[in-house]
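Geometric and topological summary
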Amino acid sequence: HLAGGTWYRLIEDDAAVPMDKYVQTEIVPYLVVDPHHVPNPRPIDDEEDIEIVSDVSAEEILQMVKKGDMNLVGGWGALLALVKLRELGEIE
């Protein structure tokens, strides 16, 4: 999959966000810019469900969120990532 690159924490340094009110799991979303491809990544865990989608525009991501094609946590992280990419000048 991917490794390296520049990592950006997408929420305040002292914050961690509960996944929901019924669990103790806290989430800290990150954006990675300019990672490199790993030719032989380790296998994912049985409970993981990861879909890698390439060459998706900011508008397409926004539409995926609006259509409900992402779960709540993924959509939240995607929106925070779009904000950060705008701050960095990577997208308009």
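Our subject in this report is the structure included herewith. (Residues numbered from 1 in each chain as written. Predicted model: local features only at pLDDT ≥ 70, side-chain atom pairs only at ≥ 80, totals over all residues. Heavy atoms only, no water.)

This brings us to a nonpolar patch on the surface. Residues M19, Y22, V23 and V73 make up a contiguous nonpolar surface patch of about 400 Å² in total accessible area. Owing to a relative accessible area of 38%, V23 belongs among the partly exposed residues under this scheme. (Patch = residues over 30% accessible without salt bridge, like charges linked within 9 Å, V, L, I, M, F, W, Y side chains within 5 Å. Areas by Shrake-Rupley, 256 points an atom, 1.4 Å probe, with all protein chains shown as cover. Salt bridge = Lys/Arg side-chain N within 4 Å of Asp/Glu carboxyl O. Buried < 20%, exposed > 50% of the residue type's maximum accessible area, 1.4 Å probe, protein only.)

Let us now look at the packing of aromatic side chains. Within the structure shown, the criterion is met by one aromatic pair. An angle of 65° between the planes, with centres 5.9 Å apart, marks the rings of W7 and Y30 as edge-to-face. One end of the pair, W7, is in strand β2 (residues 6-9); the other, Y30, is in strand β5 (residues 30-33), and 23 residues separate them in sequence. A residue is classified by how much of its surface remains accessible, and W7, at 56% relative accessible area, is exposed. For Y30, a relative accessible area of 43% corresponds to the partly exposed category. (Phe/Tyr/Trp six-rings, centres within 6.5 Å; stacked < 30°, edge-to-face > 60°. Helix = DSSP H or I, 4+ residues; strand = E, 2+ residues; numbered from the N terminus.)

Moving on to unusual backbone geometry. A positive phi angle is found at D34, which is not glycine, with a value near 60°. The topology assignment puts D34 in the loop between β5 and β6 (36-37). Looking at D34, the relative accessible area reads 66%, which means it is exposed. In this structure, D55 takes a positive phi of about 55° despite not being glycine.

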